[in-house]
Amino acid sequence: MKSKMFLMTLVAALGLASTPVMAQEQVEAIAVAPESQPLVLTLEEALRIALNENLSVQIADQTIEIKKYAKKGTYASLWPEISASATWQRYVKKQQFHIMGETMEVGTTNNYSAGVSAAMPLVNVQLWKSLKLSAMDVELAVEQARSSRIDMVEQVSTAFYQVLLAKDSYNVYKRVYDNAVENHAIVEKKYKVGAVSEYDFIRSQVTVSNAEPSVFQSENAIVLALWQLKALLGVDLEMDIDVAGSLADYEQMMMAGYNLKTDLSDNSSLKQLEIQEQMLEQTLKMQRATNLPTLSLSANYNYTAMDETMEIQHYRWNPYSVAILSLDIPIFAGGKRRANIKQAKLNLANMQLQRENAERQLRTALMSYQNNLQTNVKEYYASSQNISQAKRGYDIAVKRYEVGGGTLVDVDNSQLAYTQAELSRSTAIYNYLVNSVAIDKLVGEQNFAE
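Residues numbered from 1 in each chain as written. Predicted model: local features only at pLDDT ≥ 70, side-chain atom pairs only at ≥ 80, totals over all residues. Heavy atoms only, no water.

1. What about helix α5 (residues 125–192)?
Step number 1: Here α5 is 68 residues long and its end C-alpha atoms lie 100 Å apart, about the 100 Å a rise of 1.5 Å per residue gives.
Step number 2: Gly194 sits one or two residues past α5 and shows a positive phi near 80 degrees. (Helix = DSSP H or I, 4+ residues; strand = E, 2+ residues; numbered from the N terminus. Expected span 1.5 Å × (residues − 1).)

Shown next, in the form of structure tokens:
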């Protein structure tokens, strides 16, 4: 109950935030929906919920935050690193010197030191290149998060359409079952008065029995499709939800035609490969920078004290400070730097090949989806024309049988043709919608609320 109330509140809040013109009555209807009634969601509402509750999206958003903190840690290397330290040394046995037959101890029993040190790089090309690499890492995480959202939109949309297809199939099979029951009642009446043979009576009974499993299977398909949708939304699987509309609502979109898209510049996979290629280019520059000298500055300020006793208040503290300018010139490292540079070059060339291959495969997939769309439209028009004719043929077959001018086989055959035509139309609409969503994913279209 708590999960359902939370989801209803979330739907209402998101609807108000993203669609200011939503009717107030619709929001109130969602918020006060009775517990016994399922929560009916539109596709837009389902996408908004998934955008907020889907675990993949949440993980991608957290990854961005992790990369941002990693970037801040890298940029911190440009600032001075300041630290304080303190040490106490107590000699258990002092060093001894032997001079002219005499033994002398050197040093004091207690040695104290405390101070502050600071260090920072002045010239370090390799460090500067790594800063750009960290910025690209954040950019890659952002693109991966966008990819997660695009994938989520495709998965939720497909699951939503799957529920609609299951409901349409159920309606068809339920009508087939109801017609079989009605025809069996007619046959039974005729059989009782001897107007039809026992064969027709048994056949009508078998037709009713054969129609029942399809109804049960279609009911189960609706339950499974709703479970899949709820899993993608990130809500409780026991929550009672339903989807709004039917596949017939999308017929106008099919008849209006689909605007073919060929631009893959926003494809998330290609963008990620492009960023990775840029990162490898930066890595190559960073490896080359290992051959360049580095210059760093450090400074120390310390106090020291030495005494034989533990009376710290009487110690004499001696301050001293030092500044160090360090120049490091790499000369020879056993060929390690040269090997790293060659490895970086090969990685870059390999990434360029991967990107080219990925683009070819994506263009092939895009052409395939577009061809499927055209085929789906043709299938829709063909099945739509067949439906009216198949229905009329079924009605004629039933009337002919009622007046004794036809056989039960004719009724069953016309019923089968009618059913196949309706299922073909629903399948054509579903496949069209799924292919459209797949194309939107390929071109990187962000048709969801941010």
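2. Details of the packing of helix α4 (residues 55–75) against α5
Step number 1: α5 packs onto α4 with a crossing angle of 175 degrees between their chain directions and a minimal axis gap of 9 Å. By the angle between their directions, the pair α4 and α5 is classed as roughly antiparallel. When α4 is examined against α5, the residues Ser56, Val57, Ala60, Asp61, Thr63, Ile64, Lys67, Lys68, Lys71, Thr74 and Tyr75 are found in contact with a partner set consisting of Ser130, Leu131, Ser134, Ala135, Asp137, Val138, Ala141, Val142, Ala145, Ser148, Arg149 and Met152.
Step number 2: Its residues placed into classes, the contact of α4 with α5 shows 11 nonpolar, six polar and six charged. (Axes fitted to C-alpha atoms, helices over the stretch in contact; angles between N-to-C directions. Parallel < 35°, antiparallel > 145°, perpendicular 65-115°, else oblique. Contact = heavy atoms within 4.5 Å. Nonpolar A, V, L, I, M, F, W, Y, C, P; charged D, E, K, R; others polar.)

3. Some points on the environment of Asp137
Step number 1: The residue Asp137 is located in helix α5 in this model.
Step number 2: Taking the relative accessible area as the measure of exposure, Asp137 reaches 24% and is therefore partly exposed.
Step number 3: Here the alpha-carbon distance between Asp137 and Glu81, two residues 56 residues apart in the chain, equals 24 Å.
Step number 4: Ignoring any residue separated from it by four or fewer positions in sequence, one finds Asp137 in contact with Lys67 and Met279.
Step number 5: Reaching out from Asp137, the side chain makes a polar contact with the side chain of Lys67 at a distance of 3.3 Å. (Buried < 20%, exposed > 50% of the residue type's maximum accessible area, 1.4 Å probe, protein only. Polar contact = N/O pair within 3.5 Å; in protein donor to acceptor, adjacent residues only side chain to side chain.)

4. Points about a positive patch on the surface
Step number 1: Together, Arg288, Arg338, Lys342 and Lys345 make up a region of like positive charge exposed at the surface.
Step number 2: Among the elements that make up the positive patch, the one with the highest residue count is helix α9 (residues 336–402) (three residues).
Step number 3: Summarising the element assignment, Arg288 is placed in helix α8 (residues 268–288).
Step number 4: Take Arg288: its relative accessible area is 43%, and that puts it in the partly exposed class. (Patch = residues over 30% accessible without salt bridge, like charges linked within 9 Å, V, L, I, M, F, W, Y side chains within 5 Å. Areas by Shrake-Rupley, 256 points an atom, 1.4 Å probe, with all protein chains shown as cover. Salt bridge = Lys/Arg side-chain N within 4 Å of Asp/Glu carboxyl O. Lys, Arg positive; Asp, Glu negative; His and termini not counted. Charge placed at Lys NZ, Arg CZ, Asp CG, Glu CD.)

5. Here we look at the nonpolar core
Step number 1: Ranked by internal contacts, the top residues of the largest apolar core, which has 57 residues, are Val156, Phe160, Tyr161, Leu229, Leu233, Ile241 and Tyr250.
Step number 2: When residues of this core are traced back to their parent elements, those giving at least two are β1 (39–41), α3 (43–53), α5, α6 (198–233), β6 (241–243), α8, α9 and α10 (408–442).
Step number 3: For this core, the leading source of residues is α5, giving 11 residues. (Core = buried A, V, L, I, M, F, W, Y, C linked by side-chain atoms within 4.5 Å.)

6. Side note on the packing of α6 against α10
Step number 1: Interaxial distance between α6 and α10 falls to 10 Å at its minimum, and their mutual angle equals 20 degrees. Between α6 and α10, the crossing angle belongs to the class labelled roughly parallel. In this structure, the crossing between α6 and α10 has a hand that is left-handed. Residues Asp200, Arg203, Ser204 and Thr207 of α6 pack against Leu408, Val409 and Asp412 of α10.
Step number 2: Along the lines of polarity and charge, the residues of the contact of α6 with α10 split into two nonpolar, two polar and three charged. (Left-handed = near helix turned anticlockwise from the far one by under 90°.)

7. Things to note about the pattern of salt bridges
Step number 1: Within the structure shown, the criterion is met by 17 salt bridges.
Step number 2: In this structure, Asp412 engages Arg203 in a salt bridge whose closest nitrogen and oxygen atoms are separated by 2.9 Å. Here Asp412 is found in helix α10, whereas its partner Arg203 is found in helix α6, with 209 residues between them in sequence.
Step number 3: Between Asp440 and Lys261 there is a salt bridge whose closest N-O contact spans 2.8 Å. Here Asp440 is found in helix α10, whereas its partner Lys261 is found in the loop between α7 (251–256) and α8, with 179 residues between them in sequence. When sorted by exposure, Asp440 lands in the same class as Lys261, which is buried.
Step number 4: Taken together, the salt bridges that share partners define one network made up of Asp151, Glu154 and Lys441.

8. Examining the sheet that holds strand β2 (residues 81–90)
Through backbone hydrogen bonds, the strands of a sheet pair up, either in parallel or in antiparallel fashion.
Step number 1: As summarised here, the arrangement of the four strands in space is β2-β5-β7-β8, forming an open sheet in which the pairing is antiparallel. The open sheet is flanked by β2 and β8 (318–328), the only strands paired with a single partner. On average, each strand axis in the sheet is inclined to that of its neighbour by 20 degrees, with strand direction left out of account.
Step number 2: Relative to strand β7 (residues 294–307), strand β5 (residues 110–123) runs antiparallel, the two sharing 13 bridges. By the bridge assignment for β7, Ala118 is matched with Ala299. (Pairing = 2+ DSSP bridges.)

9. Some remarks on the packing of aromatic side chains
Step number 1: One pass over the full model with this rule turns up nine aromatic pairs.
Step number 2: Ring plane angle 10 degrees and centroid distance 6.2 Å describe the contact between Trp88 and Tyr112, whose orientation is recorded as stacked. Of this pair, Trp88 sits in strand β2 while Tyr112 sits in strand β5; the two residues are 24 residues apart in sequence, bridging distant segments of the chain.
Step number 3: What makes Trp88 partly exposed here is its relative accessible area of 49%.
Step number 4: Ring geometry for Phe160 against Tyr161: centres 6.3 Å apart, planes inclined by 80 degrees, an arrangement best described as edge-to-face. By the burial criterion, Phe160 is buried, and Tyr161 matches it.
Step number 5: Every member of this aromatic cluster is reached through a ring pair, and the members are Trp88, Tyr112, Tyr315 and Trp317. (Phe/Tyr/Trp six-rings, centres within 6.5 Å; stacked < 30°, edge-to-face > 60°.)

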